Amino acid sequence: MDLLNKQDIKLFVTYRRVEGEGDYVSQMKTMIAESERLNFEGILFFQNNSNDIEPWVLGQEILTSTATQNPIIAVNPAYMHPYTVAQKIVSYTTLYQRKIYLNFIIGTSISDLASIGDHLSHEERYKRLEEYIEIIYALLKNTTPVTYKGTYHETNNLKLSATINPALFPESFIAGSSDDAKRLRAKMELSNLKMGKPVHKCVPTNENTGMYLGIIARETQEEAIAVMKQTFAPEYEEYDELLEMSMMNTDANWKQNLLTEEADAIFKMEPFKHFSADCPYLVGSYEQVEEYIGKYIELGINRFVIDTDLNEMKEIAKVFNLVHAV
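The following paragraphs examine the structure supplied in this document. (Residues numbered from 1 in each chain as written. Predicted model: local features only at pLDDT ≥ 70, side-chain atom pairs only at ≥ 80, totals over all residues. Heavy atoms only, no water.)

## Notes on the overall build of the protein chain
Helix and strand counts for the protein chain stand at 13 helices and twelve strands. Every one of the 326 residues in the protein chain was classed for burial, and the buried ones make up 52%. Accessible surface computed for the protein chain: about 14,900 Å², of which carbon and sulfur atoms make up 48%. (Helix = DSSP H or I, 4+ residues; strand = E, 2+ residues; numbered from the N terminus. Buried < 20%, exposed > 50% of the residue type's maximum accessible area, 1.4 Å probe, protein only. Areas by Shrake-Rupley, 256 points an atom, 1.4 Å probe, with all protein chains shown as cover.)

In structure tokens:
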């Protein structure tokens, strides 16, 4: 079964940055090249105070250095004006004739928000994001001036001189499991980006829905589990205390929910609970992981963002039956 050809399935990866891993820029460039060689759709770039390279810059690196890759770029109202976002989208799609994927977010850690002076509540940040998206979409969809008066954003006769090809209109995600996130997704008709969860807890969906998780696959499950234990061995004896501190530094519902998630035969929580990854992992033989992902697809999940590093990309390609490119 070729998972990517079963229906409109898109496979993205995101770079699991490890402290002390070396030159982040060269590693990222290698990952971009490998993602294209393996026929993945593209790469997700996060936005927070710890990233030295700004996500839009990394997105442009993808567009200039590859022929097929498409970035998912995290967009946070706290970091950039909505006009600048719309301008960048028009610039990228016009120059490179490729689609940009957007991952709208309301914040990072509580400490990051405090560092940039963003003291809005969780609910207020979603209301600000709603205004933000409305302005961006209004600018992208027509060339008439946009006058907008909201609580957090205001524009007066603001416009772009060109629109974009409808076929290249960005596909936009909103992650989050809170009522505010669900309301905004429904109102703006945006794609969902779910945190990975056991397949038996997933419900059928008929909208574009993504899932964020990691994968470790080998010939046998025993080998895959051994790789997981080696890769995600606790770096600190106090990993449980570090995880608890991390949970105190977020108001994200998905992260609180993930802490209580239970593992099954393939779905594993050790990478998250050992403070080594921000998501759960599927761990098993190629066939086991492929079958598990196939069940997600049968439920309507058609976008996958895989947490990984350079060493695991070939193995992910095998799971998705991209062996011809390996």
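There's plenty left to go through after this.
## Re helix H2 (residues 24-37)
A turn of α-helix holds 3.6 residues, and therefore any two residues three or four places apart point the same way. Counted at 1.5 Å a residue, the expected span for H2 with its 14 residues is 20 Å, and the 20 Å between its end C-alpha atoms agrees. Every buried residue of H2 is listed here: Tyr-24, Met-28, Met-31, Ile-32, Glu-34 and Ser-35. Of the surrounding elements, those touching the buried residues of H2 are strand S1 (10-15), strand S2 (42-45), helix H3 (55-65), strand S12 (303-308) and helix H13 (313-319). Count one or two residues on from H2 and you reach Asn-39, which has phi positive near 65°. (Expected span 1.5 Å × (residues − 1). Contact = heavy atoms within 4.5 Å.)

## Looking at the pairing of strand S3 (residues 72-75)
Side-chain alternation along S3 places Ile-72 and Ala-74 on one buried face and Ile-73 and Val-75 on a second face that is also buried. With two bridges connecting them, S2 and S3 associate as parallel partners. Paired with Leu-44 across the two strands is Ile-72, which belongs to S3. Judged from the four bridges that link them, S3 and strand S4 (residues 101-104) form a sheet pairing that is parallel. For Ile-72, the partnering residue across the bridge sits in S4 and is Tyr-101. Each parallel crossover has a hand, and the one from S3 via helix H4 (residues 82-96) to S4 is right-handed. (Pairing = 2+ DSSP bridges. Right-handed = clockwise from strand over helix to strand, strands pointing away.)

## Overview of the environment of Leu-160
Take Leu-160: it is sitting in the loop between strand S6 (154-158) and strand S7 (171-175). Those residues in contact with Leu-160 that lie beyond four places of it in its chain are Tyr-83, Ala-86, Gln-87, Val-90, Leu-139 and Thr-143.

## Let's talk about the packing of aromatic side chains
In this structure the tally under the stated criterion is nine aromatic pairs. Ring centres 6.3 Å apart and planes at 80° place the aromatic pair Tyr-92 and Tyr-96 in the edge-to-face group. With Tyr-92 and Tyr-96 both in helix H4 and four residues apart, this pair spans about one turn of that helix. Where Phe-304 meets Phe-320, the ring centres are 5.9 Å apart and the plane angle is 65°; that geometry is what we call edge-to-face. Here the residue Phe-304 occupies a position in strand S12, and Phe-320 occupies one in the segment after H13, the gap between them amounting to 16 residues. Each member of the pair, Phe-304 as well as Phe-320, is classed as buried. Grouped by ring-pair contacts, the aromatic residues Tyr-292, Tyr-296, Phe-304 and Phe-320 constitute a single cluster. (Phe/Tyr/Trp six-rings, centres within 6.5 Å; stacked < 30°, edge-to-face > 60°.)

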